[in-house]
Amino acid sequence: MELTHRPRRLRRNPAIRRLVQETVLTTGDLIYPMFVMEGEGEPVPIPSMPGCFRYPLPRLVQEVKTVAELGIPGIALFPVIPEAKKDDQGSESFNPDGLVQRTVRAIKTVVPDILVFTDVALDPFTTHGHDGLVDDQGRILNDETVEVLVKMALSQAAAGADFVAPSDMMDGRVGAIRRALDQAGYTQVGILAYSAKYASAYYGPFRDALDSAPKFGDKKTYQMDPANAREALKEIDLDTIEGADIVMVKPALAYLDVVYRVKQHTHLPVAAYNVSGEYAMVKAAAQQGWIEEKKVVLETLTAMKRAGADMILTYHAVDVARWLRGMH
Ligand code: PBG
């Protein structure tokens, strides 16, 4: 008798579907990116990122408590720097009493166990909005920038950051930061490297949030060409040799093939950044009633894990943690 293949036997009911499920999204996979600002008072909504806020420092610390209580293992911190504190050198970035440094100290006093990932890049601190120093021809200077990034990373480590996360895409910065951290005795501070970071149009809402859009040109001389995937593996290899603990692909959704390839290629944990533009698209469509937000978000983040992400930076983290607890 001829054999009939019936894959539907493994989809008949929720119990068997659970047993054969290959990928499970958990709260333990999530890192929540947060925006901190000077001052006190109420959080300020970010119009292009509904549900996300610029938190005044004391409010941010309160919110981090909630994030920790929900079981989210880490936050990624991004500062809103007032125009008056920006300069063309980004010198506020390594001020020991700068906004990021004060915020990390406050978090570590009140919520010591949550992991704090600090961003290492100059764009929130520079008047021109680029991630590096710029010469008089408008070129981004690599090695001079790396020197500033090293100072920035050291000041964040001194404040108590668990991981520093260079998102600037200068050559050689991971190695320079690792050496400097080790020499200063910060051997336990890790590096989450934005290794395959693309020159993407999906960062728009984030640049609104920080008021950090580049004032001239674009970031194509340092961030990667969206057309390239093999080049991502070169960046992963370099950051690995230079001492990265975790490598990242960013953005996530349009780059799941890159996440997959990177996962096949490396033994390091792989992070994916579900960026601001991906978030904004889901929120906008959900607000119109055109998609079901919860289902779309869970499906998307599960797809990122299926592609190979060990962890996901996502603005949906708090909602997801609540949904997974059955809270709404
Ligand atoms: C800057 C930085 C960016 C993001 C994280 N770090 C923007 C950029 O490179 O212009 C984007 C994150 C997001 O869009 O959610 N170093």
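The rules behind these values
Residues numbered from 1 in each chain as written. Predicted model: local features only at pLDDT ≥ 70, side-chain atom pairs only at ≥ 80, totals over all residues. Heavy atoms only, no water. Helix = DSSP H or I, 4+ residues; strand = E, 2+ residues; numbered from the N terminus. Expected span 1.5 Å × (residues − 1). Buried < 20%, exposed > 50% of the residue type's maximum accessible area, 1.4 Å probe, protein only. Contact = heavy atoms within 4.5 Å. Salt bridge = Lys/Arg side-chain N within 4 Å of Asp/Glu carboxyl O. Patch = residues over 30% accessible without salt bridge, like charges linked within 9 Å, V, L, I, M, F, W, Y side chains within 5 Å. Areas by Shrake-Rupley, 256 points an atom, 1.4 Å probe, with all protein chains shown as cover. Lys, Arg positive; Asp, Glu negative; His and termini not counted. Charge placed at Lys NZ, Arg CZ, Asp CG, Glu CD. Right-handed = clockwise from strand over helix to strand, strands pointing away. Pairing = 2+ DSSP bridges. 1 Å grid on protein atoms, 1.4 Å probe; cavity = no way out; pocket = protein on both sides within 12 Å on 5 of 7 lines; lining within 4 Å. Points joined across faces, edges and corners; volume = space filled by probe spheres on them. Nonpolar A, V, L, I, M, F, W, Y, C, P; charged D, E, K, R; others polar. Axes fitted to C-alpha atoms, helices over the stretch in contact; angles between N-to-C directions. Parallel < 35°, antiparallel > 145°, perpendicular 65-115°, else oblique. Left-handed = near helix turned anticlockwise from the far one by under 90°.

Participant: Give a detailed account of helix α4 (residues 142-159), specifying residues and quantitative values.
Facilitator: Helix length check: α4, at 18 residues, gives a terminal C-alpha distance of 26 Å against a target of 26 Å (1.5 Å per residue), a fit within 8%. Restricting attention to buried positions, one finds in α4 the residues Thr 145, Val 146, Val 148, Leu 149, Val 150, Met 152, Ala 153, Ser 155, Gln 156, Ala 157 and Ala 159. On its buried face, α4 sits against α3 (99-110), β5 (115-120), β6 (133-134), β7 (140-141), β8 (163-166) and α5 (173-183). Gly 160 lies just past α4 and shows a positive phi near 115°.

Participant: Outline the pattern of salt bridges, listing residues and values.
Facilitator: All told, the structure shown has 18 salt bridges when counted by the stated rule. With its nearest N and O atoms 2.9 Å apart, the salt bridge here joins Asp 182 to Arg 178. Here Arg 178 and Asp 182 lie together in helix α5, a separation of four residues that amounts to about one turn. Of the residues examined, Arg 178 reaches a relative accessible area of 12% and is grouped as buried. Linking Lys 283 and Glu 293 is a salt bridge whose minimum nitrogen-to-oxygen distance equals 2.8 Å. One end of the pair, Lys 283, is in helix α9 (residues 276-287); the other, Glu 293, is in helix α10 (residues 293-307), and 10 residues separate them in sequence. Linked by salt bridges that have partners in common, Glu 38, Lys 85 and Arg 102 make up one network.

Participant: Describe a positive patch on the surface, listing the residues and the values that go with them.
Facilitator: Together, Arg 6, Arg 8, Arg 9 and Arg 11 make up a region of like positive charge exposed at the surface. Positionally, Arg 9 belongs in the segment before α1 (14-20).

Participant: If you had to explain the pairing of strand β11 (residues 270-274) to someone new, which residues and values would you point to?
Facilitator: Most of β11 sits out of view: five of its five residues are buried. Here β11 shows a buried face lined by Val 270, Ala 272 and Asn 274 and a second buried face lined by Ala 271 and Tyr 273. For the crossover from strand β10 (residues 246-250) across helix α8 (residues 256-265) to β11, the handedness is right-handed. Of the strand pairs in this sheet, β11 and strand β12 (residues 311-314) are connected by four bridges, and their pairing is parallel.

Participant: Could you give an account of the side chain of Thr 27, with specific residues and numbers?
Facilitator: Within the secondary structure, Thr 27 is located in the loop between α1 and β1 (30-37). Contacts of Thr 27, omitting those with residues within four sequence positions, involve Leu 70, Gly 71, Ile 72, Pro 73, Ala 321 and Leu 324.

Participant: Explain the pairing of β10 to me, and be specific about the residues and the numbers.
Facilitator: With five of five residues buried, β10 is to be regarded as a mostly interior element. Alignment of strand β9 (residues 190-197) against β10, held across four bridges, turns out to be parallel. Pairing of Ala 196 across the sheet is with Val 249, part of β10. In the sheet, β10 pairs with β11 via three bridges, with the strands oriented parallel. By the bridge assignment for β11, Met 248 is matched with Ala 271.

Participant: Describe empty space enclosed by the protein, naming the residues involved and giving the relevant values.
Facilitator: Inspection of the entire model under this criterion finds three cavities of 30 Å³ or more. Quantified by volume, the largest cavity comes out at close to 130 Å³. Lining the largest cavity we find 16 residues, and of these Asp 123, Lys 197, Tyr 203, Phe 206 and Lys 250 sit closest to its centre. Of all elements in the fold, only β9 and α6 (204-210) reach the threshold of two or more residues within the lining of the largest cavity. Residues of the lining of the largest cavity, tallied by class, amount to seven nonpolar, three polar and six charged.

Participant: Please give an account of the layout of surface pockets that cites residues and values.
Facilitator: By volume, the largest pocket is sized at about 240 Å³. Forming the walls of the largest pocket are Val 20, Gln 21, Glu 22, Thr 23, Val 24, Leu 25, Thr 302 and Arg 306. Taken together, the residues that form the lining of the largest pocket break down as three nonpolar, three polar and two charged. Considered as a void within the structure, the second largest pocket measures approximately 200 Å³ in volume. It is helix α7 (residues 230-242) that contributes the most residues to the lining of the second largest pocket, four residues altogether. Looking at side-chain class alone, the lining of the second largest pocket contains six nonpolar, three polar and five charged residues.

Participant: Tell me what's going on with a nonpolar patch on the surface, and back it up with residues and numbers.
Facilitator: Side chains of Leu 10, Leu 19 and Val 20 sit close together on the surface and give an oily, nonpolar patch of about 300 Å² of accessible area. Inspection of the secondary structure assignment puts Leu 10 in the segment before α1.

Participant: Provide a residue-level description of helix α11 (residues 317-324), including the pertinent values.
Facilitator: Ala 317, Val 318, Val 320, Ala 321 and Trp 323 are the residues of α11 that are buried. Of the surrounding elements, those touching the buried residues of α11 are β1, α2 (57-69), α10 and β12. Looking one or two places after α11, you find Gly 326, whose phi comes out positive at around 70°.

Participant: So what's going on with the packing of α4 against α5? Residues and values would help.
Facilitator: Interhelical geometry of α4 versus α5 gives an angle of 45° and a closest axis separation of 9 Å. In terms of axis orientation, α4 runs oblique to α5. Both α4 and α5 take part in a crossing whose hand is right-handed. For the pair α4 and α5, contact is made by Val 146, Leu 149, Val 150, Ala 153, Leu 154 and Ala 157 and by Arg 173, Ala 176, Ile 177, Ala 180 and Leu 181, respectively. Taken together, the residues of the contact of α4 with α5 break down into 10 nonpolar, no polar and one charged.

Coordinates in, geometry out; function isn't part of it.
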